[in-house]
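# Fold and geometry: a report
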Amino acid sequence: KLLIVGHTPLACPCYQGILDGERKACRLEYAEKGQYELSQFPTGCIDIDTGCTFGYWLTAMVIEDGKFRLHRVKHHEPAPDADDGTDTDDEYMFE
């Protein structure tokens, strides 16, 4: 089984598990560098926590047709003019 977690922040998304009968750990690249077949990772754990709470990146995993890719956006503080603490200005969030 493959577990996708977001509990322990890392500098980049990583896989850890058993590949070809050996315990392995590897860094996963973002969508601009390609996508992965889910079958490449039959068992183990993928951590996609990249520290958004601490001001780093918010990472998302998109799974379609047996493949997945990773996307990220930089953490931003709420817009200074947001009355309720939420940000509704798309230009501000996705510069």
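Just so we're clear, the structure is a prediction, and the values are computed from it rather than from any experiment.

Let's shift gears to the side chain of aspartate 49. Positionally, aspartate 49 belongs in the loop between β5 (44–47) and β6 (57–64). With no salt bridge to any partner, buried aspartate 49 finds its closest opposite charge in lysine 74, at an N-O distance of 12 Å. Excluding residues that lie within four positions of it along the chain, aspartate 49 makes contacts with Val5, Gly6, His7, Thr8, Pro9 and Leu10.

A separate point is the sheet that holds strand β4 (residues 36–37). Spatially, the 3 strands line up as an open sheet ordered β4-β7-β6, and their pairing is antiparallel. With one partner strand each, in any of the chains shown, β4 and β6 form the two edges of the open sheet. One ladder, built from 8 bridges, connects β6 with strand β7 (residues 67–74); its direction is antiparallel. Opposite valine 62, over in β7, you have arginine 69 as the bridge partner.

Right, let's talk about the pairing of β7 for a bit. The pairing of β4 with β7 spans 2 bridges and is classified as antiparallel. Residue pairing across strands places glutamate 37 opposite lysine 67, the latter belonging to β7. If you look at the hairpin formed by β6 and β7, you'll find 2 residues sitting between the two strands, and aspartate 65 has a positive phi there, around 50°.

For the rest of this paragraph, the subject is a positive patch on the surface. Positive charge collects at one region of the surface, where Arg27, Lys33, Arg72 and Lys74 lie side by side. Mapped onto the elements, lysine 74 comes out in strand β7.

Further remarks concern the packing of aromatic side chains. In total, this model carries 4 aromatic pairs according to the counting rule given. Centre to centre, the rings of tyrosine 36 and phenylalanine 41 are 5.8 Å apart; their planes meet at 65°, and the pair counts as edge-to-face. Pair check on accessibility: tyrosine 36 and phenylalanine 41 agree, each one buried. Between tyrosine 36 and phenylalanine 68 the ring centres are 5.2 Å apart and the planes differ by 25°, which places this aromatic pair in the stacked class. One end of the pair, tyrosine 36, is in strand β4; the other, phenylalanine 68, is in strand β7, with 32 residues separating them in the sequence. Residues tyrosine 36 and phenylalanine 68 agree in their burial class; the two are buried. Through pairs of rings, three or more aromatic residues link up here, namely Tyr15, Tyr36, Phe41 and Phe68. One residue, arginine 72, lies across the ring of tryptophan 57, its end atom 4.0 Å from the ring centre. For lysine 74, the ring lying beneath its charged end belongs to tryptophan 57, and the centroid distance is 5.2 Å.

Definitions and limits used
Per chain, the residues get numbers from 1 upward, laid out in the order the sequence is written. With pLDDT at 70 or above as the cut-off, local features in this predicted model cover only qualifying residues; side-chain atom pairs require 80 or more to be listed or tallied, and sums for whole chains, interfaces and linings still use all residues. Working from all heavy atoms in the structure, the side-chain values ignore hydrogens and water. Think of it this way: any DSSP run of H or I at least four residues long counts as a helix, any run of E at least two long counts as a strand, and we number them from the N terminus. Think of it in three bands: with a 1.4 Å probe and only protein chains considered, a residue is buried below 20% of the maximum accessible area for its type, exposed above 50%, and partly exposed in between. Only four residue types enter the tally: Lys and Arg on the positive side, Asp and Glu on the negative side, with His and both chain ends excluded. Take a side-chain nitrogen of Lys or Arg and a carboxyl oxygen of Asp or Glu: if they are within 4 Å of each other, that pair is a salt bridge. Residue contacts follow a heavy-atom distance rule, with two residues in contact if any of their heavy atoms lie within 4.5 Å. Strand pairing requires that DSSP identify at least two bridges connecting the strands. Each patch groups residues whose relative accessible area exceeds 30% and which form no salt bridge, using 9 Å between like charges and 5 Å between nonpolar side chains of Val, Leu, Ile, Met, Phe, Trp and Tyr. Throughout, the Shrake-Rupley method with a 1.4 Å probe supplies accessible areas, and for residues the shown protein chains are the sole cover considered. Note that the charge is assigned to NZ on lysines, CZ on arginines, CG on aspartates and CD on glutamates. A pair of Phe, Tyr and Trp rings is counted when the ring centres sit within 6.5 Å of each other, with Trp represented by its six-membered ring. The angle between the planes then sorts it: under 30 degrees is stacked, over 60 is edge-to-face, the rest tilted. For a lysine, the NZ atom is tested; for an arginine, the CZ atom; a charge sits over a ring if that atom is within 6 Å of the ring centre and within 35 degrees of the ring normal.

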